[in-house]
Amino acid sequence: MVSVSAPVTERPRWTPAARYRHSLWLLTVRDLRVRYSTSFLGYFWSILDPLVMAGIYWFVFTEIFDRGVGFDPYLVFLLAALLPWMWFNGAVSDSTRAFLKQAKLIRSTAIPRTIWVVRLVLSKGIEFLLSLPVLAVFAVWLGAELHWQIVYFPLAIVIQTVLTVGVGLIVAPLVVFFRDLERATKLVLRFLFYASPIIYGIGDLPGPLQFWMSFNPLAGIFSLYRAAFFPAELNWLAVGIGAAMSVLLLIVGVLVFRRAERSVLKEI
C-alpha cells in the first residue's frame, strides 16, 4: 500500500527590507493602540495641545497686541506650522527614552535597533496626518483660500521625516550614555520653537536674518506647508538648505547609531 504524504507548504521567504517594514508597522500600530486604548477621547487629546497653543497665540497677537507678523486668517497661519511642529517635537522628545523605556524588549529581539526610533517618528507622523482635517475645518470656517501649492505637502512630509529620523537616531543612543541630555533636549526644543517660524513667518524677519533662518531645516519645511494657503510664504532657498541639512543629519544619525549600537546594548 502506497502512502501519500501531504504536500509541504513552504513559508514565504521575507527579504530583510520586508521584515523591517512588517516589524515597523506592527510596533507602530502597537504604539497607537496603547496610546489610545486607555483614553475615550484619545484622538481629541492628540489635537487638543496644538489647538490650545494656537488659541493662546491667536488671542495674544490679535486681541492684546498689535500683530505685525503672519497672514490672515492668523489661526490657519499658526496651525499650518504648529501641527508639524508637534510631530517633530513629540518624536524627538520620545526618542530620548526610546532605548531606556523598552530596554528588556530591545535586548531580547533581533530586529534592527533603528526601528525603535523610526516607529516613534512614524506613529507621531500618523497623528499629524490625522490632525490635518482640523486644519481643513478651520481653513474653511475662516475662509482661507486654498492654492495649487498644496501639491508641496507630500514634499514637506518627506523632508520632515528624513530630518526627524536623523535627529532621533542621534539623540536616542547618546541619552543612554549621558542621561542629562534628555533634559537638555527639552530645553533645546523649547528654544527651537521660538527660533523657528511658527508664530511668525520667514518673510517677517529682516533680510540678513532670513538668510540665517534658512539654516534651520524646519523653516523650509514650514514654508512648504504654509504655501498651500499663503503662497508668499514659500521660500525655496530655505527649502533647499533645509532638505540638504535634513539628509546630512540623517547620514550623521545613521553613523552615530551604528557606532554606538553595541555599547548601547551593553549599557541598557
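Located above this text is the structure these notes cover.
Residues numbered from 1 in each chain as written. Predicted model: local features only at pLDDT ≥ 70, side-chain atom pairs only at ≥ 80, totals over all residues. Heavy atoms only, no water.

*Asks:* Explain the packing of aromatic side chains to me, please; I cannot follow it from the model alone.
*Replies:* The relative placement of two aromatic rings is captured by the distance of their centres and the angle of their planes. Following the criterion strictly, the structure yields 16 aromatic pairs and no others. Measuring from ring centre to ring centre gives 5.7 Å for W85 and F193, while their planes differ by 65 degrees; the resulting arrangement is edge-to-face. Taken as a pair, W85 in helix α3 (residues 74–95) and F193 in helix α8 (residues 181–194) lie far apart in primary sequence, 108 residues in all. On the accessibility criterion, W85 (3% relative accessible area) is buried. (Phe/Tyr/Trp six-rings, centres within 6.5 Å; stacked < 30°, edge-to-face > 60°. Helix = DSSP H or I, 4+ residues; strand = E, 2+ residues; numbered from the N terminus. Buried < 20%, exposed > 50% of the residue type's maximum accessible area, 1.4 Å probe, protein only.)

*Asks:* When you look at the environment of Y57 in this model, what are you seeing that I'm missing?
*Replies:* Here Y57 shows up in helix α2 (residues 42–64). Separated by 17 residues in sequence, Y57 and Y74 have C-alpha atoms that sit 9.4 Å apart. With near-sequence residues (within four places) excluded, Y57 lies in contact with Y74, L78, F193, Y194 and I199. (Contact = heavy atoms within 4.5 Å.)

*Asks:* I keep staring at the packing of α3 against helix α10 (residues 217–226) and nothing clicks. Help me out?
*Replies:* Angle between the axes and distance between the axes: these two values describe a pair of packed helices. Relative to each other, α3 and α10 sit at 130 degrees, their axes nearing to 9 Å. Looking at the two axes, α3 sits oblique to α10. α10 is crossed by α3, and the crossing has right-handed handedness. Together, F77, L78, A80, A81, P84, W85, W87 and F88 of α3 and L218, F222, Y225 and R226 of α10 make up the contact between the two elements. Class assignment of the residues belonging to the contact of α3 with α10 gives a composition of 11 nonpolar, no polar and one charged. (Axes fitted to C-alpha atoms, helices over the stretch in contact; angles between N-to-C directions. Parallel < 35°, antiparallel > 145°, perpendicular 65-115°, else oblique. Left-handed = near helix turned anticlockwise from the far one by under 90°. Nonpolar A, V, L, I, M, F, W, Y, C, P; charged D, E, K, R; others polar.)

*Asks:* Is there a simple way to think about the nonpolar core in this case?
*Replies:* Ranked by size, the top nonpolar core spans 72 residues in total, and within it W85 and F88 carry the most contacts. It is α3 that provides the largest number of residues to this core, a total of 15 residues. Apart from the residues within four sequence positions on either side, F88 is in contact with Q160, L163, T164, V167, L189, L192 and L218. (Core = buried A, V, L, I, M, F, W, Y, C linked by side-chain atoms within 4.5 Å.)

*Asks:* Hey, could you run me through the pattern of salt bridges in this one?
*Replies:* For side chains of opposite charge, pairing can occur when their charged atoms come near one another. Summed over all chains, the structure comprises four salt bridges. The residue R97 makes a salt bridge to D94 at a minimum N-O spacing of 3.0 Å. The exposure class of R97 is partly exposed, given its relative accessible area of 29%. For K124, the salt bridge identified is with E127, shortest N-O distance 3.9 Å. In this pair, K124 and E127 both sit in helix α6 (residues 115–142), three residues apart, roughly one turn of the helix. Just as K124 is buried, E127 falls in that class too. Here the residues in one salt-bridge network are D94, R97, K124, E127 and E182, joined through shared partners. (Salt bridge = Lys/Arg side-chain N within 4 Å of Asp/Glu carboxyl O.)

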